[in-house]
Amino acid sequence: MNDAKTQLEAIRKRIDEIDEELIKLMAKRTNFARDIAMLKKSLNLPINDSEREKEVYEKTRKLCNKYKFDEEIGVKIIKILIEHNKDIQSKYLKE
Ligand SMILES: O=C(O)C(=O)C[C@]1(C(=O)O)C=C[C@@H](O)C=C1
């Protein structure tokens with residue numbers, strides 16, 4: 001019993017470490033939003049770039065297959081990050 005408990009605790013510790021890496025990477029990805037907003041403004045480009053989003057989703061699906069991760073879940077997560085990125089960009093440009 002104690003061995004199973006020890007193993008569960010070890011897995012949870014590893015999950016905690018991975019969750020921290022995930023948050024760190026999502027923050028890194030999101031931190032580009034303001035720079036992108038400024039560059040798009042100087043290039044007179046709209047915040048929304050559907051062609052680029054299509055590329056991102058296609059790349060996401062390929063990576064999900066490569067790493068045997070549920071494609072639909074992967075796309076949902078990336079969609080949240082993209083929408084968040086656009087929110088930050090539009091709020092920044094309104095400042
Ligand atoms: O690459 C861009 O143009 C971005 O603004 C980044 C990003 C993304 O989060 O991947 C967000 C919004 C765009 O519609 C396309 C992609």
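Let me sum up the structure you'll find in this document.

Rules used in this analysis
- Residues numbered from 1 in each chain as written.
- Predicted model: local features only at pLDDT ≥ 70, side-chain atom pairs only at ≥ 80, totals over all residues.
- Heavy atoms only, no water.
- Near = heavy atom within 4 Å.
- Polar contact = N/O pair within 3.5 Å; in protein donor to acceptor, adjacent residues only side chain to side chain.
- Areas by Shrake-Rupley, 256 points an atom, 1.4 Å probe, with all protein chains shown as cover.
- 1 Å grid on protein atoms, 1.4 Å probe; cavity = no way out; pocket = protein on both sides within 12 Å on 5 of 7 lines; lining within 4 Å.
- Sits in = over half its atoms within 2 Å of the grid points.
- Helix = DSSP H or I, 4+ residues; strand = E, 2+ residues; numbered from the N terminus.

1. Concerning the site of the ligand
Part 1 of the reasoning: Contacts to the ligand come from Arg29, Ile36, Lys40, Ile47, Asn48, Asp49, Arg52, Glu53, Ile82, Asn85, Lys86 and Gln89.
Part 2 of the reasoning: Glu53 has a polar side-chain atom sitting 2.5 Å from an oxygen atom of the ligand.
Part 3 of the reasoning: One of the side-chain N or O atoms of Gln89 is found 2.9 Å from an oxygen atom in the ligand.
Part 4 of the reasoning: The protein chains hide 90% of the 360 Å² of surface that the ligand would expose on its own.
Part 5 of the reasoning: Its atoms largely coinciding with the cavity grid, the ligand occupies the second largest pocket.
Part 6 of the reasoning: Put simply, the parts of the chain that give the shell around the ligand at least two residues each are helix H2 (33-42), helix H3 (50-66) and helix H4 (71-94).
Part 7 of the reasoning: The greatest single-element share of the shell around the ligand, amounting to four residues, is contributed by H4.

So far we have only geometry, and geometry alone does not tell us how the molecule works.
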